[in-house]
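This is what each chain is made of:
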Amino acid sequence: MVKICCIGAGYVGGPTMAVIAVKCPAIEVVVVDISKPRIDAWNSDKLPIYEPGLDEVVKACRGKNLFFSTDVEKHVAEADIIFVSVNTPTKTRGLGAGKAADLTYWESAARMIADVSKSDKIVVEKSTVPVKTAEAIEKILTHNSKGINYQILSNPEFLAEGTAIEDLFKPDRVLIGGRETPEGRKAVQALKEVYAHWVPEENIITTNLWSAELSKLAANAFLAQRISSVNAMSALCEATGANVSEVSYAIGKDSRIGPKFLNASVGFGGSCFQKDILNLVYICECNGLPEVANYWKQVIKINDYQKSRFVNRVVSSMFNTVSGKKVAILGFAFKKDTGDTRETPAIDVCKGLLGDKAHVSIYDPEVTEDQIQRDLAMNKVSVVWDAYEATKGAHAVCILTEWNQFKELDYQKIFDNMQKPAFIFDGRNVVDAEKLRGIGFIVYSIGKPLDAWLKDMPAIA
Ligand SMILES: NC(=O)c1ccc[n+]([C@@H]2O[C@H](COP(=O)([O-])OP(=O)(O)OC[C@H]3O[C@@H](n4cnc5c(N)ncnc54)[C@H](O)[C@@H]3O)[C@@H](O)[C@H]2O)c1
Ligand SMILES: O=c1ccn([C@@H]2O[C@H](COP(=O)(O)OP(=O)(O)O[C@H]3O[C@H](CO)[C@@H](O)[C@H](O)[C@H]3O)[C@@H](O)[C@H]2O)c(=O)[nH]1
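- In the nomenclature of an unreviewed UniProt entry, the protein corresponds to UDP-glucose 6-dehydrogenase from the organism Triticum turgidum subsp. durum.
- The UniProt entry for the protein carries the following comment under Pathway (unreviewed entry): "Nucleotide-sugar biosynthesis; UDP-alpha-D-glucuronate biosynthesis; UDP-alpha-D-glucuronate from UDP-alpha-D-glucose: step 1/1."
- Regarding the protein, the relevant UniProt record gives this comment under Sequence similarities (unreviewed entry): "Belongs to the UDP-glucose/GDP-mannose dehydrogenase family."

Right, here's the structure in full:
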């Protein structure tokens, strides 16, 4: 029986391994982590992450061929294939701070593999890492090898949160990079056979190591660039009377551009886009390519601009001050169908409003109060468990996550219980602005023609 061990039971390690286990009953999969609370949660009825469809997959194979454990060393020693899916955040101090990837967790995982291994291993980079990381990992492993043969593969993950299970069941592609040697090719083939249990062979791409590592950063940079492009257009739409949804639809009909990922928003969030672009920028700088670095940096600058533009719009519309006013925040997660708040634009928007002394009342269906308080550390906010409670007595409502339930709220009831004039700032274009104007709201929708009121109150930083 092939044994797989995955180091890191997070948003990627947990769902990815659960899907491998459910699709490959003859493979034993153990997910290990140094965090006991995380592993306990994976072994309980309340999994540590919210992801549609995940509960069913885990229930189908946990205790059969899927296990979660804190006994990291034992399971690493026993495995044939080791996935490393630890976090690779942006460095906060030292060389490359604010840009480079922090590989501390990765390196300690690699050293531990070298320490405990007694048989040959295939080590798979699942985490998103800088291009050439495999070389560094290879050095750590081979310098401590005690005669053991290690093959390093790059197998980046492309799942998006909120649709992780769907993405894993039907990936657009699986990418495997390896050394172009007989041993390297054999290792690539072994991993390919795992995925071939459910992924059509033509969707499994094999490349050299550096192409696979770089493709992950490139994919995220291209995706984020599309959002910054449409968000840049949204500002121009507001200035000219064009409607960004109409523009997106019209350009998306061009098959070379395509319709997906063209929704203007308050800004992109999530643990990956910003981190991976910063990492790409740093790699470009290290390789003496400042023009290329500056090109990609602009994607993040536009994202920051979009978030502050939204805050400025809120404040300027409300007579240039939100001091002492109640502002309801609907949605705190970085996108719908997840409880994840990493890099969510809601953090920057709330901090901006709190900076102007607003009283902020937040409702999100999946994010816990503890998490919100941690994200907004040092600031006083109230977190409530109902959209009507959040909006009661409020001067304004900001919609920051596109949860489906926000489309179906009773906006007449919300209007009746708010201060007047009542404002709605829709950062995700989820509400029917015309209908809400009919009720009496002053409505701002990103990238849409402005109400007369908003035109008279320009947002100047
Ligand atoms: N979140 C996503 O949607 C996504 C998608 C694709 C790729 N990625 C990449 O995958 C990687 C993991 O992301 P994530 O969101 O799952 O992170 P995460 O923080 O949710 O999970 C990482 C886990 O690794 C554990 N860990 C760290 N060092 C360890 C060690 N030495 N031994 C055992 N466990 C250890 C941590 O305790 C944590 O539980 C990152 O590189 C990320 O960029 C993430
Ligand atoms: O048209 C769009 C699409 C997305 N977003 C925002 O962009 C962010 C990221 O969304 P999404 O890409 O769907 O979620 P992630 O889970 O961050 O997934 C991205 O990051 C992962 C981690 O690297 C990759 O694996 C995925 O392929 C990649 O889509 C969110 O804040 C979205 O609201 C928009 O504003 N407009």
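Back to the write-up after that little detour.
### Describing the overall build of the protein
- From N to C terminus, the protein includes 18 helices and 14 strands.
- Its C-alpha atoms give the protein a radius of gyration of 24 Å, near enough to 23 Å, the size a compact globule of 461 residues would have.
- Once the C-alpha set of the protein is aligned to its principal axes, its extents read approximately 75 × 50 × 45 Å.
- Total accessible area computed for the protein in this model is approximately 20600 Å², and 53% of it derives from carbon and sulfur atoms.
- Both charge centroids of the protein, one from 54 positive and one from 57 negative side chains, sit 2 Å from each other.

### Quick word on the pairing of strand 7 (residues 174-178)
- Taking burial as the measure, the five residues of strand 7 include five buried ones, the bulk of the element.
- Alternating residues of strand 7 divide into Val174, Ile176 and Gly178 and Leu175 and Gly177, and every residue in both groups is buried.
- Note on the crossover from strand 7 through helix 8 (residues 182-195) to strand 8 (residues 204-208): the handedness is right-handed.

### Details of the UniProt feature "active site" (unreviewed entry) in the protein
- Here the UniProt feature "active site" (unreviewed entry) sits at Cys272.
- Inspection of the secondary structure assignment puts Cys272 in the loop between helix 10 (244-252) and helix 11 (273-286).

### So, the sheet that holds strand 14 (residues 442-445)
- Reading across the sheet, the six strands line up as 11-10-9-12-13-14 and stay open at both edges, with parallel pairing between neighbours. A single partner strand is all that each edge strand has here, and the edge strands are strand 11 (382-383) and strand 14.
- In this structure, strand 9 (residues 326-330) lies alongside strand 12 (residues 396-399), joined through four bridges in parallel fashion. By the bridge assignment, Val327 is partnered in strand 12 with Ala396.
- Each of strand 12, strand 13 (423-426) and strand 14 is contacted by helix 12 (residues 290-317), which is oriented at about 170° to strand 13, the strand it contacts most.

### Let's talk about the site of ligand 1
- Around ligand 1, the structure places 25 residues, and the nearest of them are Asp33, Arg38, Thr88, Glu161 and Lys275.
- Between ligand 1 and the protein, one listed contact pairs an oxygen atom with a backbone N or O atom of Thr128 at 2.9 Å.
- Protein chains shield 92% of the accessible area of ligand 1, which is 840 Å² for the free molecule.
- A breakdown of the residues in the shell around ligand 1 according to their chemical character gives eight nonpolar, ten polar and seven charged.
- Looking at which domains feed residues into the shell around ligand 1, each of domain 1 (3-199) and domain 2 (208-461) supplies at least three.

### Examining the domain arrangement of the protein
- On domain assignment, one finds that the protein holds domain 1 (3-199) and domain 2 (208-461).
- Put simply, the middle of domain 1 and the middle of domain 2, counted by C-alpha atoms, are 32 Å apart.
- Across the boundary between the two partners, domain 1 contributes 37 residues, which contact 28 residues of domain 2.
- Between domain 1 and domain 2 the total buried area reaches about 2600 Å² when both faces are included, carbon and sulfur atoms providing 61% of it.
- In this assembly, domain 1 and domain 2 are joined by two salt bridges.
- The salt bridge partner of Glu285 is Lys99, with a shortest N-O separation of 2.8 Å.
- The tally of links from domain 1 across to domain 2 stands at ten residue pairs in polar contact (both at pLDDT 80 or more).
- Contributions of two or more residues to the side of domain 1 that touches domain 2 are made by helix 6 (133-143), strand 6 (150-154) and strand 7.
- Residue classes in the side of domain 1 that touches domain 2 are distributed as 18 nonpolar, ten polar and nine charged.

### What about the site of ligand 2?
- Around ligand 2 sit 21 residues, and of these Phe158, Leu159, Ser265, Cys272 and Arg428 come closest.
- A distance of 3.4 Å separates an oxygen atom of ligand 2 from a polar backbone atom of Glu157.
- Leu159 places a polar main-chain atom, nitrogen or oxygen, 2.7 Å from an oxygen atom of ligand 2.
- Coverage of ligand 2 by the protein amounts to 91% of the 690 Å² it exposes when considered alone.
- Counting only elements with at least two residues in the shell around ligand 2, the list comes to helix 9 (209-240) and helix 11.
- Among the elements that take part in the shell around ligand 2, helix 9 stands out by supplying four residues, more than any other.
- In the shell around ligand 2, the residues fall into eleven nonpolar, four polar and six charged.
- Each of two domains, domain 1 (3-199) and domain 2 (208-461), supplies a minimum of three residues to the shell around ligand 2.

### A closer look at helix 12
- Taking 1.5 Å of rise per residue, 28 residues should cover 40 Å, and helix 12 covers 39 Å from first to last C-alpha, within 8% of that figure.
- Just past helix 12, the residue Phe319 takes up positive phi, approximately 65°.

Reading the values: rules and limits
- Residues numbered from 1 in each chain as written.
- Chains lettered and ligands numbered in written order.
- Predicted model: local features only at pLDDT ≥ 70, side-chain atom pairs only at ≥ 80, totals over all residues.
- Heavy atoms only, no water.
- UniProt positions renumbered as here; feature names shortened; annotations may be inferred.
- Helix = DSSP H or I, 4+ residues; strand = E, 2+ residues; numbered from the N terminus.
- Rg over C-alpha atoms; globule rule 2.2 N^0.38 Å.
- Areas by Shrake-Rupley, 256 points an atom, 1.4 Å probe, with all protein chains shown as cover.
- Lys, Arg positive; Asp, Glu negative; His and termini not counted.
- Charge placed at Lys NZ, Arg CZ, Asp CG, Glu CD.
- Buried < 20%, exposed > 50% of the residue type's maximum accessible area, 1.4 Å probe, protein only.
- Right-handed = clockwise from strand over helix to strand, strands pointing away.
- Pairing = 2+ DSSP bridges.
- Contact = heavy atoms within 4.5 Å.
- Axes fitted to C-alpha atoms, helices over the stretch in contact; angles between N-to-C directions.
- Near = heavy atom within 4 Å.
- Polar contact = N/O pair within 3.5 Å; in protein donor to acceptor, adjacent residues only side chain to side chain.
- Nonpolar A, V, L, I, M, F, W, Y, C, P; charged D, E, K, R; others polar.
- Domains from an automatic or database assignment.
- Buried area = accessible area lost by both parts, 1.4 Å probe.
- Salt bridge = Lys/Arg side-chain N within 4 Å of Asp/Glu carboxyl O.
- Expected span 1.5 Å × (residues − 1).

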